[in-house]
Structure formats: structure tokens, C-alpha cells
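Secondary and tertiary structure notes
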Amino acid sequence: MLPPRSLLHAAVFALAALQALASDTFIAAVYEHAVILPDATDEPVSPDDALALMNKNMDVLEGAVKEAAQQGAHIIVTPEDGIYGWLFTRKTIYPYLEDIPDPAVDWIPCTDPTRFAPAPVQERLSCMARNNSIYVVANIGDKKPCNSSDPGCPSDGRYQYNTDIVFDSEGKLVARYHKDDPMQGSYGQKESRQVLDRSGIISRSTTAAERVLDTKHLRATFMILNGKEAVRVFHTRTTCLEEKLSLIKEPEAITFETPFGKFGIFTCFDILFREPAVVLVSELQVDTVLFPTAWMNVLPFLTAIEFHSAWAMGMGVNLLSANTHNIGLAMTGSGLFTPEGPVAYHYDSRTEEGRLLLAELSARPRLSPTYPPAVNWSLYATSIKKFPEKDTFSGAVRRDIFTFSELRHKAGNYTVCQGDLCCHLVYRMPNKSNDEVYVLGAFDGLHGSLIKYHWQICTLLKCQTTDLNTCGQPAETAQTKFEMFSLSGTFGTNYVFPEVLYSGVQLAPGEFEVLRDGRLKSKHGTSKPLLTATLFGRLYEKDLPNPLRTSP
């Protein structure tokens, strides 16, 4: 029989071992929320009215929090703009903002709500976390006063930030992140609007509600259908001094530790840039990224589930992505994504309903025996002789001019080059539909108008129609399945994100692999018709400086 001291040591060791085992995995949840929007207005509402609207959304979010906790979730992520929406100007968003302190103050708003200025939203979120013993991640607005001693201080004397906050299972504020989306600089725009009837004739002037429509997402000329009329919007970029939220002075890299791994957090389009996204993973070595987003789906490469899943695989981390749900603005697509692929995801462009997703994930994926090996993304493509380039032509994916080559046969080897990038494809599609056209495409250049950032893309892509002029335009459905494909490229970066998207905007978990030499390959053919197989590369070092942060 062991002596008492040995028994004590054994018991402590066993308890520690059990705790370590328990923390090897955790249950994560994300909630895609159909946000209840405020009425558009030219003047701010009262604080009481703003809180009433936010409480309506928090009623829904609290239901998701409770359901997730009842199913054993340790953490839940809710979307960007999930508490008050986006129908605001800088002035009209102000009643919805709260002053969010630095988490270093060690504050539990639920038990000490009067310690700082009134913060009913933070108090309620804190109580959601505390009462359900779950980490809660939410997105709200932060306000910070400033004065003339600060040369960057806005004329109204305050900074207004798009902000993610995290409360732990005791309700304590443990993280605060101010969004660094450089696209925020494009919120300030001069615009003119005309209301047209169905024949295209100008019929009247716009109403106040139409004039305030979603300044966050109006980034190009388009038409908003409204019964029998449409609003045609013309935009001219401005110097953006009146954007509704402020661009932070320097990017933040926010992390925090939990019993189930090290976490980082950022928001929406932050994912496209080196800071903070790559810094969190490559330098700060987080295990899991929390990702509230209000992501507008853009085919063929930037639908939410497609790119976010690819980013998690390319970066080798978990990504908990919670999107806003608004089908009128093409917002849907949430998921629990891992280095091995999606564990759970949701994409619904037809209904107006929210959705809760849960899954068990590895707490420290780098230590997992299934963690993917490192990839040399250009190894294969630079080691082979180029296949013949066949009848290439130029085509636009939005504003980016790709070099394309049509896949004219049911099987073959193709190469397409642009700039420093050559893309190689081997494929078989014996049952190709006669009314569909597929191309191999390459793009190596700067993307964007105001903010310019460098992409390298190799893509096997279905064209919208049999007209080659439609190659690169959005296509949501397909009929052709591939017996096999192998795609590779001479990438000049280690940051490459592998995408495979099926007809109906669906992912292909477990049906493709990335080899160590950089080839994206189907495993056993595609089980569903293919929209695109893409290697999406980012050359962060070739991005142009953000002009909104450049001194005049």
C-alpha cells in the first residue's frame, strides 16, 4: 500500500492528467444572427430607444447562448453588427455606443455595473456569460473622447470604434479588440441617388430612409430593388473624414489564454491583411481565432464559408466564424473551421432564419496527430516542365484581369501564366456537361481601388455561361463532376489558401487534399458538380501602404 504522501501525489497527478485530457478538446459554438435593424433616420434616436433595439437583438442572442451552454459549449461567437445593425451615419450611431474599458481593469459588469459609466449592453452580455458559465464573444461600438491636443481627433471630439469584446465564463471582460479593417476608410462617400421605375425612368427623389441605406456596404454602383422601383446609387470616394466609425491608429493584436487554448480575435475584412490576422497566428501562436463578421458573399473566391475555411487550413488554426444573416445583402455563411477542414458550417441564401452551430474542436491543433504537415506551395510547380499554354484570353473577375485558358477536352494538362505566377492543372471530366465551360485562370497583381493589396491566384473555374466573356462572373450552380483534378502554382508566398466550392455554394470536406509539394488534389473525384478549385495566395509584402494612414 502506498504511504499517504505518495497517495496525495498520485491523486494530484491523476487530477492534473484528467484536467489536461479535458482541455485537449473544447466545444465551440457560433451563431449566425438575422439582425433586427433600426429604422433609418437622419437624426439620432434617444438612448432609451437605442437600448430597446439592442435588447431585442440580445434577446435572440441570449437564447442562442443558453442553448449552446445547455449543449456543453465552452465558448460562443456572435456576429459583427449583431446587436444594432448598420443603418447609421456617424451621428446616428452614437446612442448605440458604450465606453469599453481596457480588460486590465479586471471588471465583471454583471456584478459591478456601476463601476464605470452606464454600460447596459456590457452588463447584459456579462450576465449571459456568467449565468450560463460560457465565454461570450460579441461585437458592439466603443466611444473614446478626445480633444484638440490629439491631431487625429474627429471634429465631434470622440473616436468611435467597431469593437469585439469577450467575457469569460465568470462574466469578466477578458478581451477588447478595435477593428482594423482598412476598408473602413471607404465608408465616407459622396453620393447621388435617383429613383427609377421598372422602365428606367427617374420617378421621384429619395426618401430619408433610402438616403441612409447601409453606408457600410455601398462600395460600388448598384441598384436596390424596392417593390416596383429601384434606387440607382452613384458613389465618389472622399477623404473619409466623416466615416461613422474611426480607423485605429495602429493595428491591435489581441490574445487571451483559456483552459482550452490560446485565443486571438479580429473582425471581418481584417482576415485579408497581415495585421492582425497573420501576426496572431505566425508570431503570437494562437490556437483559435474568434471571428465576428458581417461578410457579403462574393463569388467566385470570396464567399464566407469558402474563404474562411481555406484561411483556417492555410494558416493551420481553428477559426470560429459567426456571420450576420441578411440575404438581401448576400450575408450568410458561418462555420467552425479547422486546419483539417470544416467541422460544421451553414450557408443559407433563401430564408431569413438564424442558425446555431456547435462542434468539438482540438484545443491545441498544432499538437494534434492529424495536424497537416508544412507545405512548400511552389515546390511541385517549379519542378516540372510547363505544359503548353493554349489559346489564352483575358477575363475580368470583378475588376481583376485574369489570364484564362478554356478546358476544351474531357481530360488534359494545362498551364496558364501571368506575371511571376504560372498555374498548372491536370484534370479529367469524362461526363462534362455540353452547356458548361471551365477555364484555368491565373492572376498576379494588386487588387482593390482605394486600398491595394497583392493577390496571386490559380483557379479551375466554371464560367457563368458558355460565352467566354462571362468567365469570372458569379456562377452558383454547375452540373459537371470531375473525376480528378490537380492544381498547383509557382507562388511567391507561403500564405496560400486552398478553396474547393461545389454547386449551390457548398464546401467539400474530406474530398480534397493539399500535398506537401503544393498540389491541391481531389481524393476520389468530386461528389458534386464543381464551381471552383482555387489556390488563393497573398503577398502581404507587396501590398501598397494604406493611404488613410499615410501622412500628407
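If you're wondering where the values come from, they're calculated on a predicted model, not measured in any experiment.

Some thoughts on the state of the cysteines
- What the rule picks out here adds up to 5 disulfides.
- One disulfide bridge connects Cys110 with Cys127, the sulfur atoms lying 2.1 Å from each other. With the S-S bond torsion at 105°, the cross-link from Cys110 to Cys127 turns out right-handed. With Cys110 in the loop between strand 2 (75-77) and helix 3 (120-132) and Cys127 in helix 3, this residue pair connects regions lying 17 residues apart in the sequence. Both residues of the pair, Cys110 and Cys127, belong to the buried class.

A look at the sheet that holds strand 15 (residues 341-346)
- Taking strand neighbours across the sheet as the criterion, the 6 strands line up as 10-11-12-13-14-15 in an open arrangement whose pairing is mixed. What marks the edges here is a single partner per strand, and that holds for strand 10 (254-258) and strand 15. Neighbour-to-neighbour, the strand axes of the sheet open up by a mean angle of 15°, direction not taken into account.
- Of the pairings in the sheet, the one linking strand 12 (residues 288-293) to strand 13 (residues 318-323) comprises 6 bridges and is parallel in character. Within the sheet, the bridge partner assigned to Pro292 lies in strand 13 and is Ala322.
- Contacts from helix 6 (residues 304-315) reach strand 12, strand 13, strand 14 (334-338) and strand 15 within the one sheet, and its direction differs from that of strand 14 by about 20°.

Comments concerning the environment of Leu468
- Inspection of the secondary structure puts Leu468 in the loop between strand 22 (453-462) and strand 23 (484-489).
- Among all residues touching Leu468, those that are not within four sequence positions of it are Phe393, Glu406 and Val437.

Digging into the sheet that holds strand 5 (residues 173-178)
- The sheet built from 6 strands is open, its strands ordered 5-4-3-2-1-16 with mixed pairing. What marks the edges here is a single partner per strand, and that holds for strand 5 and strand 16 (355-362). Taken over all neighbouring pairs, the strand axes of this sheet differ in orientation by 30° on average, direction set aside.
- In this structure, strand 3 (residues 135-145) lies alongside strand 4 (residues 158-167), joined through 10 bridges in antiparallel fashion. Paired with Val137 across the bridge in strand 4 is Val166.

Calculation criteria
Residues numbered from 1 in each chain as written. Predicted model: local features only at pLDDT ≥ 70, side-chain atom pairs only at ≥ 80, totals over all residues. Heavy atoms only, no water. Disulfide = S-S within 2.5 Å. Helix = DSSP H or I, 4+ residues; strand = E, 2+ residues; numbered from the N terminus. Buried < 20%, exposed > 50% of the residue type's maximum accessible area, 1.4 Å probe, protein only. Pairing = 2+ DSSP bridges. Axes fitted to C-alpha atoms, helices over the stretch in contact; angles between N-to-C directions. Contact = heavy atoms within 4.5 Å.

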